[in-house]
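# Coordinate analysis (summary)
The primary structure of each chain is shown beneath.
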Amino acid sequence: MPATAQSRRARLVRRAVLTGTGVAILALPVVGATTASAATTSTTAASTTLAGYPNTLDGWIRESLAIMAQKGIPGTYNGIYRNVIRESSGNQYAINNWDSNAAAGTPSKGLLQVIDPTFNAYHVAGTAFDPYDPVANITAACNYAAAVYGSIDNVYGAY
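Residues numbered from 1 in each chain as written. Predicted model: local features only at pLDDT ≥ 70, side-chain atom pairs only at ≥ 80, totals over all residues. Heavy atoms only, no water.

### Some words on the overall build of the chain
Regarding its fold elements, the chain presents 6 helices and 3 strands. Taking all 159 residues of the chain together, the buried fraction comes to 40%. For the chain, the share of sequence-separated contacts (at least 6 apart) that also reach a separation of at least 24 residues comes to 52%. Carbon and sulfur atoms provide 57% of the accessible area of the chain, an area that totals close to 8100 Å². (Helix = DSSP H or I, 4+ residues; strand = E, 2+ residues; numbered from the N terminus. Buried < 20%, exposed > 50% of the residue type's maximum accessible area, 1.4 Å probe, protein only. Contact = heavy atoms within 4.5 Å. Areas by Shrake-Rupley, 256 points an atom, 1.4 Å probe, with all protein chains shown as cover.)

### Quick notes on helix α2 (residues 57-71)
For an α-helix, 3.6 residues make a turn, and residues three or four places apart therefore share a direction. Taking 1.5 Å of rise per residue, 15 residues should cover 21 Å, and α2 covers 21 Å from first to last C-alpha, within 8% of that figure. Within the span of α2, buried status applies to L57, G59, W60, I61, E63, S64, I67 and M68. Against α3 (77-88) and α6 (134-149) lie the buried residues of α2. G72, located one to two residues past α2, shows a positive phi value of around 75 degrees. (Expected span 1.5 Å × (residues − 1).)

### Observations regarding the confidence of the model for the chain
Here the chain averages 81 in pLDDT, while 71% of its residues score no lower than 70. Low pLDDT, under 50, characterises residues 1-44; the stretch is placed with 57 contacts to residues that sit more than four places away or in other chains. (pLDDT = per-residue confidence, 0-100.)

### Quick notes on the packing of aromatic side chains
Here the structure, examined in full by the defined rule, presents 5 aromatic pairs. Summarising the aromatic geometry, the rings of Y93 and Y132 are spaced 6.2 Å apart at their centres and angled 35 degrees between planes, so their arrangement reads as tilted. Of this pair, Y93 sits in the loop between α3 and β2 (94-96) while Y132 sits in the loop between α5 (116-122) and α6; the two residues are 39 residues apart in sequence, bridging distant segments of the chain. Y93 sits in the buried class, given a relative accessible area of 19%. (Phe/Tyr/Trp six-rings, centres within 6.5 Å; stacked < 30°, edge-to-face > 60°.)

### Topic: the environment of W98
The topology assignment puts W98 in the loop between β2 and α4 (100-103). In this structure, the C-alpha to C-alpha distance between W98 and S108, residues 10 residues apart in sequence, is 9.6 Å.

### A look at the nonpolar core
L57, I80, I138 and C142 are the most contacted members of the largest nonpolar core, which totals 23 residues. Among the secondary structure elements, those contributing two or more residues to this core are α2, α3 and α6. A total of 7 residues in this core trace back to one element, the largest contributor, which is α6. (Core = buried A, V, L, I, M, F, W, Y, C linked by side-chain atoms within 4.5 Å.)

### Regarding the pattern of salt bridges
Taken as a whole, this structure holds 3 salt bridges when the rule is applied. Between E87 and R86 there is a salt bridge whose closest N-O contact spans 3.0 Å. Of the two residues, E87 and R86, both sit in the buried class. Among the salt bridges present, the one from D116 reaches K109, with a minimum N-O distance of 3.0 Å. For K109, a relative accessible area of 14% translates into the label buried. (Salt bridge = Lys/Arg side-chain N within 4 Å of Asp/Glu carboxyl O.)

### Some points on the packing of α2 against α6
The axes of two packed helices give the description: the angle between them and the distance between them. Here α2 crosses α6 at 50 degrees, and the two axes come no closer than 9 Å. With respect to their mutual orientation, α2 and α6 come out oblique. Crossing handedness for the pair α2 and α6: right-handed. Residues W60, I61, E63, S64, I67 and M68 of α2 lie in contact with α6, whose contacting residues are P134, V135, I138, T139 and C142. A class-by-class count of the residues in the contact of α2 with α6 yields 8 nonpolar, 2 polar and 1 charged. (Axes fitted to C-alpha atoms, helices over the stretch in contact; angles between N-to-C directions. Parallel < 35°, antiparallel > 145°, perpendicular 65-115°, else oblique. Left-handed = near helix turned anticlockwise from the far one by under 90°. Nonpolar A, V, L, I, M, F, W, Y, C, P; charged D, E, K, R; others polar.)

This is how it looks when you write it as structure tokens:
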């Protein structure tokens, strides 16, 4: 691993541990996730979402699953979690500024790296209309994955 990647990983682990989130493992970059960069490094101050879920990756996934169940969108916690970690390492502000989508002016954004046209087409009513909103991003991406692949559970690579 290059020294810069090791240094970044060490900073992320230190930051997660120092903030007391207990999710230091989420800060570790994984294969394919190191190419996204943060649009901002600020974190949300609230400890719960408006719906009462923890304002953490776990809470965002659980809130998304509740919305998905109401809307008939298939997917499981494990399928969402696996794809979030691969796509963004759990960084809700991740943005990909280097691939063909970015070169065309539509970078992938958020936890599940959704481009704006896909987010707009598959946005789920009742969620924020913001691709960086974690619940909106997960729910829209799962809605898209359901339409194209049958479920987010069937996605094992870039989609």
